[in-house]
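So you can see what is in the structure, the chains are spelled out below.
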2 protein chains.
Amino acid sequence: MKKDDQQNNRESILAAAVELFAKQGFNGTSIAAVAKQAEQSKALVQYHFETKERLWKETVSHIWQQRNNSMTHYLGEDLLTAPAGKDHSQMVRQLCKGLIQFTIANPEWVKILYQESVIPGPRLDWMIETFLKTDLQQGVDLVKLAQSLNLLPSIDPMSMQTILIGALIHYVSIAPLTSRILGRDMFSDKQIDHFVDNFILLLEGAPPQRA
Amino acid sequence: MKKDDQQNNRESILAAAVELFAKQGFNGTSIAAVAKQAEQSKALVQYHFETKERLWKETVSHIWQQRNNSMTHYLGEDLLTAPAGKDHSQMVRQLCKGLIQFTIANPEWVKILYQESVIPGPRLDWMIETFLKTDLQQGVDLVKLAQSLNLLPSIDPMSMQTILIGALIHYVSIAPLTSRILGRDMFSDKQIDHFVDNFILLLEGAPPQRA
DNA sequence: AAGGGAACTATACGATCGTATAGCAAATAG
DNA sequence: CTATTTGCTATACGATCGTATAGTTCCCTT
């Protein structure tokens, strides 16, 4: 029963760290706060993770691992198992909704990305080498695949990826804010559908003028 | 000579605070660090700004004020003084390039926005009430104006605003990161033009398929 | 030139930060 | 059954955090 307890305690600390690091960032999160959130002693946190930096790295790795698992769940099925027939509009819809819902279900990595990408330093260096290089390549590859299936406009893939990810992530990032200002729940299916519908109109080539 | 000195010292502290709060966030920035950056004593910072929260609020206000001044410079002229003739593509181009270059010239507010929008709390509440409500409304109004001039696709203005701002801000936000990964300077005119050109292709309705 | 107030300094407070270390109980190995 | 390792705790360290307060300098007013 000892090993199990250790795993449970370790994981509960990690889960608490995920929540706090994503919400408050590296500097805003103290080891004591993580310990309190996990209902463990501060000393135990340091026993399992040695230093704050190591705790942070393990936390980010954990977030990215969850993210990658979840990603295949949200995107893999729809895009790859139905490559042929279907309505184009429906497939783009699935892709965009998948990306948004995936981001809503996994908001931590976006928060970490936006918090750390702004601060040059060893943490950003580590993230770039460990995750972001690969991520960028995979994102561009996904766009290329979608373009080859005529799901996305055939503009420069790198630019297309920036626009796609930028628009969708931005929607999710400021959704809590927009919700409060507008008094609507931007995370509701209805609002997401509305946004995606309009985004698709744009992707399919809604002209600036009808004339 | 006393008033002048006071102004200078106060402003040098504010300038230092702008830099540090944008780069490191509220929690990551200490009063001592601001003082050191401004080459002033820590006590002087507290004399002028009382508490850290007040310093932060004045800093954010200062950032937004600069931002609003700069905004009219980057957008006001091009859009409003040439409402009639001109090539449509050229005007959208001006609008997009203007927004990107404006964001590059004023990166602080985006950093503050993305850092704080993620953390629910009194600071976000204050920002929403003081700036963000107005900002959102103005953004949507700008899109409506552009749409009425046939500069942007006539989809839902709110969605259009999210896509436009999201894509452009995202480009700037991860530009340092992309630059390092790809080995190109994404802040160079050449790269910005390339991105904007492709974005315009999308806005003008590059179809998913040519068939 | 006397007085008052504004700009600024020196110094110290308690709290909390991340880290270090010594010890303890229980499980496991020999 | 003893010895060693493992999971965990108790406690304390120096540094730095934001804040508080008393004092000093110097311009401006009258």
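Note on numbering: residues in each chain are counted from 1, in written sequence order. Each chain gets a letter, beginning with A, and each ligand a number, beginning with 1, in the order they are written. Local features are withheld for residues below a pLDDT of 70 in this predicted model, meaning they are given only at 70 or higher, and side-chain atom pairs are given and counted only at 80 or more; totals for whole chains, interfaces and linings count all residues.

Undergrad: Help me out: how do you make sense of the overall build of chain A in this one?
TA: Strands here are runs of E lasting at least two residues and helices are runs of H or I lasting at least four, both read from the DSSP assignment and numbered beginning at the N terminus. Counting its regular elements, chain A contains 10 helices and 0 strands. If you list the helices and strands of chain A from N to C, you get α-α-α-α-α-α-α-α-α-α. For chain A, buried positions account for 37% of its 211 residues. What counts as a contact is two residues whose backbone-derived C-beta atoms lie within 7 Å of each other. Long-range contacts, defined here as pairs at least 24 residues apart, represent 61% of the contacts in chain A between residues at least 6 apart. Remark: C-beta atoms are placed from the backbone, and a residue is labelled buried if 20 or more other C-beta atoms sit within 10 Å of its own, exposed if 12 or fewer do, or partly exposed between those counts.

Undergrad: Teacher, can you tell me more about the interface of chain A and chain B here?
TA: One frequent convention defines the size of an interface as the accessible area lost when the parts assemble. With 49 residues of chain A at the contact, the number on the chain B side is 49 residues. At the level of elements, α1 (2-28), α6 (108-116), α7 (122-148), α8 (157-173), α9 (175-182) and α10 (189-203) of chain A are the ones that each hand at least two residues to the side of chain A that touches chain B. Top contributing element to the side of chain A that touches chain B by residue count: α8(A), with 10 residues. Note on residue classes: Ala, Val, Leu, Ile, Met, Phe, Trp, Tyr, Cys and Pro are nonpolar, Asp, Glu, Lys and Arg are charged, and everything else, Gly too, is polar. When the residues that make up the side of chain A that touches chain B are grouped by side-chain class, the tally is 26 nonpolar, 17 polar and 6 charged.

Undergrad: How do you make sense of the packing of α8(A) against helix α8 (residues 157-173) of chain B when you look at a structure like this?
TA: Geometrically, a packed helix pair is captured by the angle between its two axes and the distance between the axes. Throughout, an axis means a line fitted to C-alpha atoms (over the contacting stretch in the case of helices), and angles, computed between N-to-C directions, take values from 0 to 180 degrees. Relative orientation of the contacting elements α8(A) and α8(B) amounts to 115 degrees, with a least axis distance of 7 Å. Between α8(A) and α8(B), the interaxial angle falls into the category roughly perpendicular. Two packed elements cross with a definite hand, and for α8(A) against α8(B) that hand is right-handed. In this structure, α8(A) uses T162(A), I163(A), I165(A), G166(A), A167(A), I169(A), H170(A) and Y171(A) to contact α8(B), whose residues at the interface are T162(B), I163(B), I165(B), G166(B), A167(B), I169(B), H170(B) and Y171(B). Among the residues making up the contact of α8(A) with α8(B), the classes are represented as 10 nonpolar, 6 polar and no charged. The cut-offs work like this: below 35 degrees is roughly parallel, past 145 is roughly antiparallel, 65 to 115 is roughly perpendicular, and the gaps in between are oblique. Take the far helix as the reference: if the near one is turned anticlockwise from it by less than a right angle, the crossing is left-handed, and if turned clockwise, right-handed.

Undergrad: When you look at the relation of the copies chain A and chain B in this model, what are you seeing that I'm missing?
TA: The relation between the two chain copies is a rotation about an axis coupled with a shift along that axis. Copies overlap after least-squares fitting; the atoms used are the C-alpha atoms of residues with pLDDT of at least 70 in both. Rotating chain A by 180 degrees and moving it 0.0 Å along the rotation axis overlays it on chain B with an RMSD of 0.1 Å. Expressed as a symmetry operation, the mapping of one chain copy onto the other fits a two-fold axis. Of the C-alpha atoms belonging to chain A, the one lying closest to the rotation axis is found on G205(A), 1.7 Å away. The fraction of interface residues of chain A whose copies in chain B are also interface residues reaches 100%, indicating that both copies meet through the same surface.

Undergrad: Please explain the environment of L202(A) as it appears in this structure.
TA: Its place among the elements puts L202(A) in helix α10. For L202(A), a count of 21 C-beta atoms within 10 Å corresponds to the buried category.

Undergrad: Honestly, the nonpolar core in this entry has me stumped. Any pointers?
TA: Proteins that are soluble and globular tend to have nonpolar side chains buried together. If you look at the biggest cluster of nonpolar residues, it comprises 113 residues, and the most contacted ones within it are C96(A), L168(A), F199(A), C96(B), L168(B) and F199(B). If near-sequence neighbours (up to four positions away) are discounted, L168(A) is found in contact with C96(A), L99(A), I100(A) and T103(A). The term nonpolar core refers to a set of buried Ala, Val, Leu, Ile, Met, Phe, Trp, Tyr and Cys residues connected through C-beta atoms within 7 Å.

Undergrad: Please clarify how α10(A) should be interpreted in this entry.
TA: Think of an α-helix as 3.6 residues a turn; residues three or four steps apart then line up on the same face. Residue and element names in this part refer to chain A. Across its 15 residues, α10 extends 20 Å between first and last C-alpha, which sits within 8% of the 21 Å expected from 1.5 Å per residue. All buried positions along α10 are accounted for by I192, F195, V196, N198, F199, I200, L202 and L203. One or two positions beyond α10, positive phi appears at G205, with a value near 100 degrees. By definition here, a helix of n residues has an expected span of 1.5 Å times n minus one.

Undergrad: Please explain unusual backbone geometry as it appears in this structure.
TA: Of all residues except glycine, most have a negative phi; of all peptide bonds, most are trans. Unlike most non-glycine residues, N150(A) shows phi in positive territory, near 60 degrees. Assignment of secondary structure puts N150(A) in the loop between α7 and α8.

Undergrad: I would appreciate a short explanation of the environment of N106(A) in the present structure.
TA: Residues and elements named next belong to chain A. Note that N106 resides in the loop between α5 (88-105) and α6. Residues N106 and N68 lie 38 residues apart in sequence; the distance between their C-alpha atoms is 9.9 Å. Excluding residues within four positions of it along the chain, N106 makes contact with Q66, R67 and S70.

Undergrad: Sorry, what's going on with the environment of I155(A) here?
TA: Residue and element names in this part refer to chain A. The residue I155 is located in the loop between α7 and α8 in this model. On the neighbour-count criterion, I155 (18 C-beta atoms within 10 Å) is partly exposed. The spatial distance from the C-alpha of I155 to the C-alpha of K144 is 9.8 Å, given a sequence separation of 11 residues.

Undergrad: In this structure, what is going on with the packing of α7(A) against helix α9 (residues 175-182) of chain B? I would like to understand it.
TA: Look at α7(A) against α9(B): their axes get within 11 Å of each other, and the N-to-C directions meet at 90 degrees. Here α7(A) lies roughly perpendicular to α9(B), going by the angle between them. Along the contact surface, α7(A) presents I128(A), L132(A), K133(A) and L136(A), while α9(B) presents L177(B), R180(B) and I181(B). Broken down by class, the residue content of the contact of α7(A) with α9(B) amounts to 5 nonpolar, no polar and 2 charged.

Scope: geometric values only; no functional claims are made or implied.
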